[in-house]
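Okay, here's what each chain looks like letter by letter:
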Amino acid sequence: MALLLVACANDEGGSKLLELQECNPLGGNACITPWPSNLYAIKDDNSATGMRLDIAEGALPTNLDGIAIDPTPLNRMDGFSAAAPIIVSFADGVDGSNLVGNTHMADSLEDASPTVLVDMTSGERVAHFAELDLREPERTDKQALYIRSAARLRPGTRYAVGVRKSLKDLQGRDLPISPGFAALLSGKRTKHERLEARRQNYQEVLAALESAGVASDDLVVAWDFTTASDSSIRAELVAAREAVLVAAGDKGANLSFAIESEETNELGTRRIDGTFLAPNMLSNDGDFTPSTRLVRDADGEPSVVDLQPVAFTALVPACALTSPQPVPIIIYGHGLLGTQVEAASASQRALSESMCAVVVGTILRGMSSYDIPNVLLTLNNYNQADSVFDALTQGIMHHLSLVQAARGPMATELFVDSEGKSLVDIERIYYYGLSQGGIFGATIAAYDPHITRAALGVGAANYSLMLERSHDWPTYRTVVIGAYDDPLNVSIIVNLMQTRWDQSEPTNVIAELPGAPIANTPDKEFLLQVAIADSEVPNIASDYLAR
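Residues numbered from 1 in each chain as written. Predicted model: local features only at pLDDT ≥ 70, side-chain atom pairs only at ≥ 80, totals over all residues. Heavy atoms only, no water.

(A) Just the packing of aromatic side chains, in detail. One pass over the structure, following the stated rule, counts 9 aromatic pairs. Consider the rings of Phe389 and Trp501, whose centres lie 5.5 Å apart with planes at 85°: the pair is edge-to-face. Note that Phe389 is positioned in helix 10 (residues 386–407) and Trp501 in helix 15 (residues 487–501), a separation of 112 residues in sequence. On the basis of relative accessibility, which here comes to 4%, the residue Phe389 falls in the buried class. For Trp501, a relative accessible area of 7% gives the class buried. Summarising the aromatic geometry, the rings of Tyr463 and Trp501 are spaced 4.4 Å apart at their centres and angled 10° between planes, so their arrangement reads as stacked. With Tyr463 in helix 13 (residues 463–466) and Trp501 in helix 15, this pair connects stretches of sequence that are 38 residues apart. This pair shows no difference in class: Tyr463 is buried, exactly as Trp501 is. Following the ring pairs from residue to residue traces out a cluster consisting of Phe389, Phe440, Tyr463 and Trp501. Taking the ring centre of Tyr146 as reference, the NZ or CZ of Arg148 above it sits at 4.3 Å. Its guanidinium or amino end placed over the ring of Tyr202, Arg198 lies 5.9 Å from that ring's centre, counting from NZ or CZ. (Phe/Tyr/Trp six-rings, centres within 6.5 Å; stacked < 30°, edge-to-face > 60°. Helix = DSSP H or I, 4+ residues; strand = E, 2+ residues; numbered from the N terminus. Buried < 20%, exposed > 50% of the residue type's maximum accessible area, 1.4 Å probe, protein only. Lys NZ or Arg CZ within 6 Å of the ring centre and 35° of its normal.)

(B) Expanded view of the sheet that holds strand 6 (residues 145–149). Pairing is antiparallel across the open sheet formed by 3 strands, whose spatial order is 3-6-5. The sheet is open, and its two borders are formed by strand 3 (86–88) and strand 5 (128–132), each paired with just one other strand. On average, each strand axis in the sheet is tilted by 20° relative to the strand beside it, whichever way the strands run. Strand direction decides the pairing type here: strand 5 and strand 6, joined by 5 bridges, are antiparallel. Residue Ala130 lies in a different strand from strand 6, and its bridge partner there is Ile147. (Pairing = 2+ DSSP bridges. Axes fitted to C-alpha atoms, helices over the stretch in contact; angles between N-to-C directions.)

(C) Examining the layout of surface pockets more closely. Of the voids in this model, the largest pocket is the one considered here, and its volume is about 690 Å³. The wall of the largest pocket is formed by 23 residues, among which Arg76, Ser232, Glu236, Arg296 and Gln503 lie closest to the centre. At the level of secondary structure, the elements contributing two or more residues to the lining of the largest pocket comprise helix 6 (230–248), helix 10 and helix 15. No other element matches the 5 residues that helix 6 contributes to the lining of the largest pocket. The residue inventory of the lining of the largest pocket, partitioned by class, reads 8 nonpolar, 4 polar and 11 charged. (1 Å grid on protein atoms, 1.4 Å probe; cavity = no way out; pocket = protein on both sides within 12 Å on 5 of 7 lines; lining within 4 Å. Points joined across faces, edges and corners; volume = space filled by probe spheres on them. Nonpolar A, V, L, I, M, F, W, Y, C, P; charged D, E, K, R; others polar.)

(D) Up close: the pairing of strand 10 (residues 270–280). Of all 11 residues in strand 10, 9 are buried, a share of seventy percent or more. Strand direction decides the pairing type here: strand 9 (residues 257–264) and strand 10, joined by 7 bridges, are antiparallel. Residue pairing for strand 10: Ser261 is matched across the bridge by Asp273. Between the end of strand 9 and the start of strand 10, which pair antiparallel, lie 5 residues, with Gly268 showing a positive phi angle near 90°. In this structure, strand 10 lies alongside strand 11 (residues 306–316), joined through 11 bridges in antiparallel fashion. What sits directly across from Ile272, in strand 11, is Ala314.

(E) Representation of the sheet that holds strand 4 (residues 115–119) within the structure. In space, the 3 strands of this open sheet follow the order 4-7-8, with antiparallel pairing throughout. Every interior strand has two partners, whereas the edge strands, strand 4 and strand 8 (219–226), have only one. For this sheet the average axis-to-axis angle between neighbouring strands, irrespective of direction, equals 15°. Bridging between strand 7 (residues 158–164) and strand 8 involves 7 bridges; their strand directions are antiparallel. The partner of Arg164 across the bridge, within strand 8, is Leu219. Lying on the sheet, helix 5 (residues 199–211) is in contact with strand 4, strand 7 and strand 8; it crosses strand 8 at an angle near 110°. (Contact = heavy atoms within 4.5 Å.)

(F) Structural view of the pattern of salt bridges. Evaluated as defined, the whole model comprises 34 salt bridges. With a shortest N-O distance of 3.5 Å, Glu136 and Arg139 are connected by a salt bridge. Between Asp371 and Arg365 there is a salt bridge; the shortest N-O distance is 3.0 Å. Each member of the pair, Asp371 as well as Arg365, is classed as buried. (Salt bridge = Lys/Arg side-chain N within 4 Å of Asp/Glu carboxyl O.)

(G) Spatial organisation of the environment of Tyr431. By the secondary structure assignment, Tyr431 is in strand 14 (residues 424–434). Between the alpha carbons of Tyr431 and Ala127 there is a distance of 32 Å; along the sequence they are 304 residues apart.

(H) Quick look at the state of the cysteines. A full pass over the atoms with the stated rule returns 2 disulfides. Here Cys23 pairs with Cys31 through a disulfide, and the sulfurs are 2.0 Å apart. In this structure, the disulfide formed by Cys23 and Cys31 twists by about -105° around the S-S bond and is classed as left-handed. According to the relative accessible area criterion, Cys23 is buried, its value standing at 0%. Two residues, Cys319 and Cys356, share a disulfide whose sulfurs are 2.3 Å apart. A torsion of 130° about the S-S bond marks the disulfide between Cys319 and Cys356 as right-handed. One end of the pair, Cys319, is in helix 7 (residues 319–322); the other, Cys356, is in the loop between helix 8 (346–355) and strand 13 (358–362), with 37 residues separating them in the sequence. What makes Cys319 partly exposed here is its relative accessible area of 25%. If the cysteines joined by disulfides in the chain are listed in sequence order, their pairing comes out as 1-2, 3-4. (Disulfide = S-S within 2.5 Å.)

Given below as structure tokens:
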């Protein structure tokens, strides 16, 4: 297969893809591209979108250990990610000089744009920008052309994508039209079952582009895809939240705590490190082993197994003892692959003392320092993704559980004065996170039934947008490229990871924020802080969140 796909860097290769039933015959440069595509979807009247993904075995990348990505988990979805980039590639490379860049996205709505994205429900063009993957520019035959929407696409919506003939290759020549797309334009029948099954649907795609001002004879390639429904994306966290709130008890009555160490600084701020019992939904007693997964009930929903001790760090400022009224509680979210002890960093001590508020944090399971081995294993073999993304569901639940514990046992037994009087106002619980904590903070606050305000320190959204622009990415990309050995495959892996991040990072809820996108929660307000020229959380991803 690998040797065959190497030969697919020309029209003859495109013809070969017509013979491979698992591949996308609209491309010609890689099996799965252009991606995402409804070529890999089937009708399902029981889903919210009326469809279900149907990615063929062998279509997705195989790593150098010969392990193919199993499409089964993805095939449970009722659509593709509304945030992940659209990917296409061409064997002779692309001259990107006339692509619409991220500083002029409105130009993507004009006729001169060589890339077109159309909402097939409204018929409107969608603002976007297009760019080439620049990590390995010399490997132009394996270079992804990304089409990135300016904001999250609408859920449960069908989109048409078109690449026009005004886009040229590196020598200024016309880009090749694949035999598969040529067959659609000419009406010539093929032996590709997936293509023929959707032939009539492609007429709708061409019609949508025609209505948007793009004629069929001006297209190098065109295709469609449908985004997943919000109900399917949110189902796991909603179910997990309900199970966790029941297990926690009223005001976290079941979530007792234990102090492991305690100290007071020169300003009288008390630091407490310990553990609190939190509802555990993971197998293996929640251990950080690669085989740990969410435990699910007969309906496939996450279920609470038991209560497990989870680390926390808290700060109680001296002013809380003299405040004329109870002080607020701030739930803190740590940075990239960090831990709860960041809640006691110098900046958080300053925050606690200047605002006169208790600050308390826990770990974001799935993307904490303890999870780094599983992150690396997943980058080496995408089939291990559950070890990260199942754990991320637990990580979100850790924070919701901490809110319950802070409102209950901690409020009445830990955050108290020498006489046992509570120092905190359990109706004023806020969230503050930095970097990774600022990113996932929008999700944590959106799902929590008590938090109404959150400050997102360098908040952002869409990991597939920010990841490749972060100065952290080269380190982790080394692991991916070492396993999949193809820049285009790396692009596809990041896209597939976004489909899993959709369940936990802010793309899950941002389209309806501020407000209350999740049932049984109050309206939410957010303060978004952006660091100029941030090299870790790029401004473009913060702008995406704001839009």
